[in-house]
Every structure is written in C-alpha cells, then in structure tokens.
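Reading the structure
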Amino acid sequence: MNKAHEFNRQRWNEVTPVHVESEFYDVAGFIGGRDTLGPVERAALGDLSGKRVLHMQCHFGMDTLSMARSGPAAVVGLDFSDVALAKARDLAERTGLADTVRFVEADVTRADKVSGGAFDVIYTSFGTIVWLEDLQGWADTIAANLAPGGFFYFLDSHPLSMLFDGDHVEPRVKYPYFHNTQADISPAGEIDYADAEYKVQNEGHEFSWPLQDIFGTLEKAGLRVHEVREYPFTAWRQFPDMEEADDGYWYRRQGNAELPLLLGFKAKW
Ligand SMILES: C[S@@+](CC[C@H](N)C(=O)[O-])C[C@H]1O[C@@H](n2cnc3c(N)ncnc32)[C@H](O)[C@@H]1O
C-alpha cells in the first residue's frame, strides 16, 4: 500500500469506533430500520432485487446493509479499514443480514477482481475519492468488477464545492481546483467530522480530483459516463447557514447563492 493510503488507513481505523458511537451516524436508528440511503441515491439505484451489488469504501457498512435490506441477491462491502470491516460484520449479525452480505478488505485502487464475480451495480458515496492518490486505479477497479449491462453509481461532493472555506456562509475560495500530486495533509489534532469532541491523532492525506480526472479515468478504463446531475444540497452541514430538510439533505438558507454541492452520475460499458 502506498504511504498516503497507509496514513489514511490508520486514520480510518482510529475514527471508526468514534463514528459507531456518534449521533452523526445514529447506529441505533439504523438497527431500528432507518434507511441510510437518501431519495437521490435510491432513485438512481432503482430496484435492487436479485442484483449483485458492490459497495466501494463501505466504512462500517450501514449503507451496504441498507442496500442488503432491499432484496439483492448479494452485496459485497469493500474497504481497507480492518476496524471498520469488523464493525460492519458485527452490524450484519445484529441486523440478521449476514447471509446476504460479505465484507472484503482491499485498497479500492488495487482491487482488480473482487471475489464474488461481476457486479450488476457498483455504488460509492460521500467522502470517497478525496482519500485516493491513484484515481486511475479506482476507475480500473470499477471496470474490472462491473458486469456487462451493469452500472456504476457515484454520489459525492461536487469538485467545485471542494474549493470553498466551510467556515463562511459566502463562498470564499480556499482550496485549489486542479489535481496536485502532493496530498493536502490534515494534521493531527483536527476535530472529527462526526464528533466535534474528538480530536483525530492520525494525519489524513487528501487529494482534489477535478471533473476531467473523474470522467477521464473512467473513460480510459473503457466506461461511458451517463446521467450527470448536480445538486445544490449535501448530506451534511457544509456551510454554517445550512439546515436539514425533511428529505434528509442539507440546504443553504433561502436567498444565499446556490452552489453545486453534490455530483451524481452513472458509468456503464
Ligand atoms: C467517509 S467514509 C465512506 C462514506 C460512507 N458513505 C460513510 O460515511 O459511511 C470513507 C471510507 O473510505 C475508506 N477508504 C479510504 N481510502 C480507501 C482506500 N484506498 N481503499 C479502500 N477504502 C478506503 C475508509 O476506510 C472509510 O471507511
């Protein structure tokens, strides 16, 4: 595993137990039946019954298991954090979904062929490619695991939204748009996004990936991009003025400039 990814793996191993206990992730609500996928993701995925699904960067498995509740033939969650996968397997047992779901430990940029065969649906969302140093490896993993006739679905921060300083309501550019081979390093002591009381001890190594790289790597892997969508809301409070609506997404206060905050698309053969 490359150095940046090893730093990140240690960081994710550290924060996962904090996340499992956090209000942000609301594990009790999930065990009680809450669907952790929002209406945008559900509409894009459609009917999962009978499908083979691969969830890339599954963290401790709540989205994976939410999909497993929708009648697929099989779901595989993939992540490189052994701590997250242990929690995910425990959650699968506690929710009675262990027969449908399998969790696989792998670096998503090096997962040529995930055991379990070709997948009809490959899913990834919210806080994914920013952790990856090698986006072509990510696209190649998708191509290696996507069945003919299947689709990959992506929903995550719009690359433009990553430019702005989240401490200010009015958009202020703080970060570069284009890819830099040098990681943007979050130092030890930063507050965790799911628990403001917790200071993360391990460094994070993050990378910006503009649209040309997201689409370009998939194109190079042989896939075609479809159904590109941009949304003026997110799944968390990205700016101080944001409020959560009944649909579970966070919106800027009315009258404040709408920004492209989420990017969704599919890729197919
Ligand atoms: C923000 S979480 C994924 C989002 C998920 N929707 C959630 O919030 O539960 C990011 C996940 O990516 C995983 N990850 C980061 N880099 C990875 C890599 N190179 N290979 C596999 N998993 C990776 C981390 O371990 C973590 O579980």
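Being a predicted model, the structure only gives us computed values, none of them experimental.

1. Points about the overall build of the protein chain
- Scanning the protein chain from N- to C-terminus turns up 7 helices and 14 strands.
- On C-alpha atoms alone, the protein chain measures out to a radius of gyration of 18 Å, which is about the 18 Å that the 2.2 N^0.38 rule sets for 269 residues.
- By principal-axis analysis of the C-alpha atoms, the protein chain measures approximately 45 × 40 × 40 Å.
- Every one of the 269 residues in the protein chain was classed for burial, and the buried ones make up 50%.
- A separation of at least 24 residues holds for 74% of the contacts in the protein chain among residues at least 6 apart in sequence.
- About 12,400 Å² of surface is accessible on the protein chain, with carbon and sulfur atoms providing 49% of the total.

2. Re the site of the ligand
- As a structural note, the neighbourhood of the ligand is formed by 18 residues, with Tyr 25, His 59, Asp 79, Val 108 and Phe 126 the closest of them.
- Between a nitrogen atom of the ligand and a side-chain N or O atom of His 5, the distance comes to 3.4 Å.
- The side chain of Asp 79 places a nitrogen or oxygen atom 2.5 Å from an oxygen atom of the ligand.
- When isolated, the ligand has an accessible area of 590 Å², and the protein chains bury 94% of it.
- Grouping the amino acids of the shell around the ligand by side-chain chemistry returns 9 nonpolar, 6 polar and 3 charged.

3. Quick word on the nonpolar core
- Ranked by size, the top nonpolar core spans 34 residues in total, and within it Leu 45, Leu 65, Phe 103 and Tyr 153 carry the most contacts.
- At the level of elements, α2 (27-31), α3 (39-45), α4 (62-68), α5 (82-94), β3 (101-105), β4 (119-125) and β5 (146-157) are the ones that each hand at least two residues to this core.
- Excluding residues within four positions of it along the chain, Leu 65 makes contact with Phe 30, Ala 88, Leu 91, Ala 92, Thr 95, Leu 97, Val 101 and Phe 103.
- In terms of nonpolar packing, the next biggest core, distinct from the first, is built from 31 residues, Val 76, Val 108, Ile 122 and Phe 207 among them.

4. Description of the packing of aromatic side chains
- This model, assessed by the stated rule, comprises 18 aromatic pairs.
- Ring centres of Phe 154 and Phe 265 lie 4.9 Å apart, and the angle between their planes is 25 degrees; on these two criteria the pair is classed as stacked. One end of the pair, Phe 154, is in strand β5; the other, Phe 265, is in strand β14 (residues 262-268), and 111 residues separate them in sequence. Here Phe 154 and Phe 265 have matching classes, each one buried.
- With a centroid separation of 5.0 Å and 40 degrees between ring planes, the pair formed by Phe 233 and Tyr 251 is classed as tilted. Of this pair, Phe 233 sits in strand β11 (residues 233-234) while Tyr 251 sits in strand β13 (residues 250-251), placing them 18 residues apart in sequence.
- For Phe 233, a relative accessible area of 9% gives the class buried.
- Assessed through its relative accessible area of 28%, Tyr 251 is described here as partly exposed.
- Sitting above the plane of the Phe 239 ring, Arg 252 keeps its charged end 5.0 Å from the centroid.

5. So, α5
- Helix length check: α5, at 13 residues, gives a terminal C-alpha distance of 18 Å against a target of 18 Å (1.5 Å per residue), a fit within 8%.
- Buried within α5 are the following residues: Ala 84, Leu 85, Ala 88, Leu 91 and Ala 92. Projected down its long axis, α5 carries its buried residues within an arc of 120 degrees, all on one side. The exposed set on the far side of α5, more than 90 degrees from its buried face, consists of Glu 93 and Arg 94.
- The inward-facing, buried residues of α5 contact α1 (3-21), α2, α4, β2 (74-79) and β3.
- Positioned one or two residues after α5, Gly 96 has a phi angle of 70 degrees, which is positive.

Rules used throughout
- Residues numbered from 1 in each chain as written.
- Predicted model: local features only at pLDDT ≥ 70, side-chain atom pairs only at ≥ 80, totals over all residues.
- Heavy atoms only, no water.
- Helix = DSSP H or I, 4+ residues; strand = E, 2+ residues; numbered from the N terminus.
- Rg over C-alpha atoms; globule rule 2.2 N^0.38 Å.
- Buried < 20%, exposed > 50% of the residue type's maximum accessible area, 1.4 Å probe, protein only.
- Contact = heavy atoms within 4.5 Å.
- Areas by Shrake-Rupley, 256 points an atom, 1.4 Å probe, with all protein chains shown as cover.
- Near = heavy atom within 4 Å.
- Polar contact = N/O pair within 3.5 Å; in protein donor to acceptor, adjacent residues only side chain to side chain.
- Nonpolar A, V, L, I, M, F, W, Y, C, P; charged D, E, K, R; others polar.
- Core = buried A, V, L, I, M, F, W, Y, C linked by side-chain atoms within 4.5 Å.
- Phe/Tyr/Trp six-rings, centres within 6.5 Å; stacked < 30°, edge-to-face > 60°.
- Lys NZ or Arg CZ within 6 Å of the ring centre and 35° of its normal.
- Expected span 1.5 Å × (residues − 1).
- Arc of directions from axis to C-beta.

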